[in-house]
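Working through the structure, step by step
Residues per chain are reported as follows:
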Amino acid sequence: MPIDVDISLINTIEGQGLDYDNLETEGISWASPPPVTLQPFCYKTCQCTGPSSGYQIALKYGGLICRIDVTSWGVTYSKSTPTKNDLELVLVKETAPYQLEMIFL
């Protein structure tokens, strides 16, 4: 049975839109892909699904990279923020289908 993930994206960086860069991911399909540009103070959502054995979602917006590891046991993530900005990932729902909020600061 596939594992679904809903991700809400919120850009709180004033005056700066963040462009999406597609990073290589395997085994997932996007029911609703990430938006091409995430405008300031706009709330967007995306949804993906992957195998029950687990998978990784890699998202990059404006140099901010987040890798989300999804398994049937839970969600973990790592981030790389080589800019003056940061991001936070909040797990809203701890069981599948998972719900996450990614906030760009």
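A brief report on the enclosed structure follows. It should be emphasised that the depicted structure is a prediction, and the values quoted were computed from it without experimental measurement.

1. Observations regarding the sheet that holds strand β1 (residues 3-11)
- Spatially, five strands are ordered β3-β5-β1-β10-β9 in an open sheet, and the strand pairing comes out mixed. The sheet terminates laterally at β3 (29-32) and β9 (87-93), the two strands that pair on one side only. Going from strand to strand, the sheet's axes swing by 25° on average, the running direction of each strand aside.

2. Brief notes about the environment of Ser29
- Within the secondary structure, Ser29 is located in strand β3.
- Relative accessible area serves as the criterion here: at 39%, Ser29 is assigned to the partly exposed category.
- Sequence spacing of Ser29 and Asp19 is 10 residues, and the spatial spacing of their C-alpha atoms is 20 Å.

3. Observations regarding the packing of aromatic side chains
- The tally for this structure, following the rule as stated, stands at two aromatic pairs.
- Judged by centre distance (5.3 Å) and plane angle (50°), the ring pair of Tyr20 and Tyr61 falls under tilted. Taken together, the residues span a long stretch of sequence, with Tyr20 in strand β2 (residues 18-22) and Tyr61 in strand β6 (residues 55-61) at a distance of 41 residues.
- Taking the relative accessible area as the measure of exposure, Tyr20 reaches 19% and is therefore buried.
- Accessibility expressed as a relative area gives 0% for Tyr61, which makes it buried.
- Note on Tyr61 and Phe104: the rings are 5.6 Å apart at their centroids and 65° apart in plane angle, and the pair reads as edge-to-face. In this pair, Tyr61 sits in strand β6 while Phe104 sits in strand β10 (residues 98-104), placing the two residues 43 residues apart along the sequence. Of the two residues examined, Tyr61 and Phe104, each falls in the buried class.

4. Looking at the side chain of Ser8
- Looking at the secondary structure, you find Ser8 in strand β1.
- In terms of polar contacts, Ser8 uses its side chain to reach the side chain of Tyr43, at 2.9 Å.
- Setting aside residues up to four positions removed in sequence, Ser8 forms contacts with Tyr43, Lys44, Thr45, Leu100, Glu101 and Met102.

5. Observations concerning the sheet that holds strand β8 (residues 74-80)
- Within the open sheet, the five strands sit side by side as β4-β2-β6-β7-β8. Their pairing is antiparallel. With one partner strand each, in any of the chains shown, β4 (37-38) and β8 form the two edges of the open sheet.

Reading the values: the criteria
- Residues numbered from 1 in each chain as written.
- Predicted model: local features only at pLDDT ≥ 70, side-chain atom pairs only at ≥ 80, totals over all residues.
- Heavy atoms only, no water.
- Pairing = 2+ DSSP bridges.
- Helix = DSSP H or I, 4+ residues; strand = E, 2+ residues; numbered from the N terminus.
- Axes fitted to C-alpha atoms, helices over the stretch in contact; angles between N-to-C directions.
- Buried < 20%, exposed > 50% of the residue type's maximum accessible area, 1.4 Å probe, protein only.
- Phe/Tyr/Trp six-rings, centres within 6.5 Å; stacked < 30°, edge-to-face > 60°.
- Polar contact = N/O pair within 3.5 Å; in protein donor to acceptor, adjacent residues only side chain to side chain.
- Contact = heavy atoms within 4.5 Å.

Read these as geometric descriptors, not functional statements.
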